[in-house]
Amino acid sequence: MAFPVTRPRRLRRTGLLRDLVRETALSPRDFIYPLFVCPGRDQEQPVTSMPGVSQLSVDRAAREAETVWHLGIPGVILFGIPETKDAVGSEAYHEHGVVQEAIRAIKDKTPDLLVITDVCLCEYTDHGHCGVVEDGEVDNDDTLELLVKEALSHARAGADVVAPSDMMDGRVGAIRTALDQDGFENVVIMAYAAKYASGFYGPFREAAESTPQFGNRRSYQMDPGNSDEALREVEADIAEGADIVMVKPALAYLDVISRVKRRFRYPTAAYNVSGEYAMIKAAAQNGWIDESTVVPEVLLSIKRAGADLILTYFAKEMAAGL
Ligand code: PBG
């Protein structure tokens, strides 16, 4: 039935009517908050390109996790900035590495908070690549062994979820097999399944001190032109045992989130990455956009596209507002 019988504006007239018929709404339970853990005690090092985000020492990270928990956010994802870096990222799988220590400290204070760890080598290698470099190239199969060691060390420290973000082929299967053999069959794998070679990771690389020292990540992260390939990546990761699949970044890839969710009907995560955060913060600081309107609008778009959970640096401020 058309106008004048049908008047869509009828349901937009008051806030209560709008609330009643809203299709998608945000809750603190939708978010995962990223934490950057650095060496030392009582350290807080602000990240210039990410206002409001700091590198935190283990003790501070544990306190921050408590705040996150009290805001109703179900989980954090940990990234480590190690004391020293080397060619094979040894600190990534050290029993007393920063992330391993942070897991224990967080579990000590807030045992129910979900602790997710990013499994990758780029923060730990002196060349800044996500795997071992041989003859100027990142070697896939040799990297798998190190990723397995890293994931196992996170599980032993008490991680609930491991999230491989390196984009090596076969890493989900290798990690799943190793976890199961070691009795960690209940540790969840959230795979960065469709992770694009993106310019939006710039501020993160400042935060995690992980900028590649030569070349770029295009030989392992996905080409931005591809979305059929994203479906193949997701399909492979599910076949290898991924419990949750992720699309990253979020905003420039909403179509990919949507395709992945509709095709696989699998728990789907989206990473609202550092550059997406920085753009909004910068524009808001200039008075060019209103942050309190734009942030929920952006996060809603990600959820509406099909994401069941969103990794976002806005988690705290959003949860506080909700
Ligand atoms: C590690 C990793 C990166 C991000 C998450 N895990 C950086 C990269 O691949 O260069 C980016 C997150 C963000 O930009 O917020 N490989």
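In what follows, the structure referred to is the one given above.
Read on for an overview of the structure. What you are looking at is a predicted structure, and each value in this text was computed from that prediction instead of being measured. Each residue is numbered by its place in its chain's sequence as written, counting from 1. Residues qualify for local features only when their pLDDT is at least 70, as the model is predicted, and side-chain atom pairs are given and counted only at 80 or more; totals for whole chains, interfaces and linings, by contrast, use all residues. Where side-chain values are given, they derive from all heavy atoms of the structure, hydrogens and water being excluded.

**Here's the deal with the site of the ligand**
Phase 1 of the analysis: Here a residue counts as near a molecule or strand whenever at least one of its heavy atoms sits within 4 Å of it. Neighbouring the ligand are 20 residues, the closest being Lys195, Arg205, Lys248, Ser274 and Tyr313.
Phase 2 of the analysis: Here an oxygen atom of the ligand sits 2.7 Å away from a polar atom, N or O, in the side chain of lysine 195.
Phase 3 of the analysis: We define a polar contact as two N or O atoms separated by no more than 3.5 Å, with the added condition that, inside protein, one atom must be a possible hydrogen donor and the other a possible acceptor, whereas residues neighbouring each other in sequence contribute only through side-chain atom pairs. In the environment of the ligand, an oxygen atom lies 2.7 Å from a nitrogen or oxygen atom belonging to the side chain of arginine 205.
Phase 4 of the analysis: About the coverage of the ligand: the protein hides 100% of its 400 Å² of free accessible area.
Phase 5 of the analysis: Only protein atoms enter the 1 Å grid used here. Points where a 1.4 Å probe fits but cannot escape make up a cavity, open sets with protein on both sides within 12 Å along at least five of seven lines make up a pocket, and a residue lines them when an atom lies within 4 Å of a point. A molecule is counted as occupying a cavity or pocket when more than half of its atoms fall within 2 Å of that pocket's grid points. Judged by its atoms lying within 2 Å of the grid points, the ligand is housed in the largest cavity.
Phase 6 of the analysis: Numbering of helices and strands starts at the N terminus; helices are DSSP runs of H or I of at least 4 residues and strands are runs of E of at least 2. Of all the secondary structure elements, the ones that give two or more residues to the shell around the ligand are strand E9 (188-195) and helix H6 (202-208).
Phase 7 of the analysis: Ten residue types, Ala, Val, Leu, Ile, Met, Phe, Trp, Tyr, Cys and Pro, are classed as nonpolar, four, Asp, Glu, Lys and Arg, as charged, and the remainder, Gly among them, as polar. Its residues placed into classes, the shell around the ligand shows eleven nonpolar, three polar and six charged. Computed by Shrake-Rupley with a 1.4 Å probe, the accessible areas treat only the displayed protein chains as cover when residues are assessed.

**Some thoughts on the packing of aromatic side chains**
Phase 1 of the analysis: Note on aromatic pairs: the rings of Phe, Tyr and Trp (six-membered ring only in Trp) are paired at centre separations within 6.5 Å, and the planes decide the class, stacked below 30 degrees, edge-to-face beyond 60, tilted for the rest. Taken as a whole, this structure holds nine aromatic pairs when the rule is applied.
Phase 2 of the analysis: Measuring from ring centre to ring centre gives 4.9 Å for phenylalanine 79 and phenylalanine 204, while their planes differ by 80°; the resulting arrangement is edge-to-face. Highlighted residues: phenylalanine 79 in strand E4 (residues 75-80) and phenylalanine 204 in helix H6, separated in sequence by 125 residues.
Phase 3 of the analysis: Ring geometry for tyrosine 277 versus phenylalanine 314: centroids 4.7 Å apart, planes at 50°, classification tilted. On the criterion of sequence distance, the pair formed by tyrosine 277 in helix H9 (residues 274-285) and phenylalanine 314 in the loop between strand E12 (309-312) and helix H11 (315-321) is long-range, its members being 37 residues apart.
Phase 4 of the analysis: The cut-offs for exposure are 20% and 50% of the maximum accessible area for each residue type, with area from a 1.4 Å probe on protein chains only; residues under the lower value are buried, those over the upper are exposed, and the others partly exposed. Overall, the relative accessible area of 2% leaves tyrosine 277 in the buried class.
Phase 5 of the analysis: For phenylalanine 314, a relative accessible area of 0% translates into the label buried.
Phase 6 of the analysis: Put simply, the rings of Phe36, Phe79, Tyr192, Phe204, Tyr271, Tyr277, Tyr313 and Phe314 touch in pairs and so form one group of aromatic residues.

**What about the pairing of E9?**
Phase 1 of the analysis: Of all eight residues making up E9, seven are buried, and the element is well covered by its neighbours.
Phase 2 of the analysis: Two strands qualify as a pair provided that DSSP identifies no fewer than 2 bridges between them. The sheet contact formed by strand E8 (residues 161-164) and E9 spans two bridges and is parallel. Paired with valine 161 across the two strands is valine 188, which belongs to E9.
Phase 3 of the analysis: Following the backbone out of E8, through helix H5 (residues 171-181) and into the adjacent parallel E9, one traces a crossover that is right-handed. Whether a crossover is right-handed comes down to one check: with the strands pointing away from the viewer, does the path from the first strand over the helix to the second run clockwise; if it does, it is right-handed.

**Some thoughts on the environment of alanine 155**
Phase 1 of the analysis: Tracing the backbone through its elements, the reader meets alanine 155 in helix H4 (residues 140-157).
Phase 2 of the analysis: A residue is classified by how much of its surface remains accessible, and alanine 155, at 5% relative accessible area, is buried.
Phase 3 of the analysis: With 33 residues separating them in the primary sequence, alanine 155 and valine 188 have C-alpha atoms 9.7 Å apart.
Phase 4 of the analysis: If sequence neighbours within four positions are ignored, alanine 155 has contacts with Leu179, Phe184 and Val187. Between two residues, a contact is recorded if the distance between any of their heavy atoms is within 4.5 Å.

**Notes on a negative patch on the surface**
Phase 1 of the analysis: Think of a patch as exposed residues, more than 30% relative accessible area, with no salt bridge, where like charges cluster within 9 Å and nonpolar side chains (Val, Leu, Ile, Met, Phe, Trp, Tyr) cluster within 5 Å. Note on definitions: salt bridges are taken to be side-chain nitrogens of Lys or Arg within 4 Å of carboxyl oxygens of Asp or Glu. Positive charges are assigned to Lys and Arg, negative charges to Asp and Glu, while His and the chain termini are left out of the count. Charge positions are represented by NZ for Lys, CZ for Arg, CG for Asp and CD for Glu. Taken together, the side chains of Glu134, Asp135, Glu137, Asp141, Asp142, Glu145 and Asp169 present a region of like negative charge at the surface.
Phase 2 of the analysis: Among the elements that take part in the negative patch, H4 stands out by supplying three residues, more than any other.
Phase 3 of the analysis: Mapped onto the secondary structure, glutamate 134 falls in strand E6 (residues 133-134).

**Considering empty space enclosed by the protein**
Phase 1 of the analysis: Grid points are joined across faces, edges and corners, and a volume is the space filled by probe spheres set on the points. One pass over the full model with this rule turns up one cavity of 30 Å³ or more.
Phase 2 of the analysis: If you go around the largest cavity, you meet 19 residues; those closest to its centre are Cys122, Lys195, Tyr201, Phe204 and Lys248.
Phase 3 of the analysis: Split by residue class, the lining of the largest cavity holds nine nonpolar, four polar and six charged.

**Thoughts on the pattern of salt bridges**
Phase 1 of the analysis: One pass over the full model with this rule turns up 18 salt bridges.
Phase 2 of the analysis: Aspartate 42 serves as the salt-bridge partner of arginine 63, at 3.8 Å between the closest nitrogen and oxygen. In this pair, arginine 63 is assigned in helix H2 (residues 58-70) and aspartate 42 in the loop between strand E1 (31-38) and strand E2 (44-46), connecting sequence segments 21 residues apart.
Phase 3 of the analysis: A salt bridge links lysine 316 to glutamate 64, with the shortest nitrogen-to-oxygen separation between them at 2.7 Å. With lysine 316 in helix H11 and glutamate 64 in helix H2, the pair connects residues that are 252 residues apart, well separated along the chain.
Phase 4 of the analysis: Through salt bridges with shared partners, one network takes in Asp42, Glu44, Arg60 and Arg63.

**Details of H2**
Phase 1 of the analysis: Helix length check: H2 (13 residues) gives 19 Å between terminal C-alpha atoms against 18 Å at 1.5 Å per residue, within 8%.
Phase 2 of the analysis: Val58, Asp59, Ala61, Ala62, Glu64, Ala65 and Val68 are the residues of H2 that are buried.
Phase 3 of the analysis: Against E1, strand E3 (54-57), E4, helix H3 (98-109) and H11 lie the buried residues of H2.
Phase 4 of the analysis: With its phi angle positive at about 90°, glycine 72 sits one or two positions after the end of H2. A helix's residues, less one, multiplied by 1.5 Å, set its expected span.

**What to know about the layout of surface pockets**
Phase 1 of the analysis: Within this model, the largest pocket holds a volume of roughly 150 Å³.
Phase 2 of the analysis: Taken together, 13 residues form the lining of the largest pocket, with Glu44, Ser54, Leu56, Glu64 and Lys316 sitting closest to its centre.
Phase 3 of the analysis: The dominant element in the lining of the largest pocket, judged by the number of residues it contributes, is H2, at four residues.
Phase 4 of the analysis: A breakdown of the residues in the lining of the largest pocket according to their chemical character gives five nonpolar, three polar and five charged.

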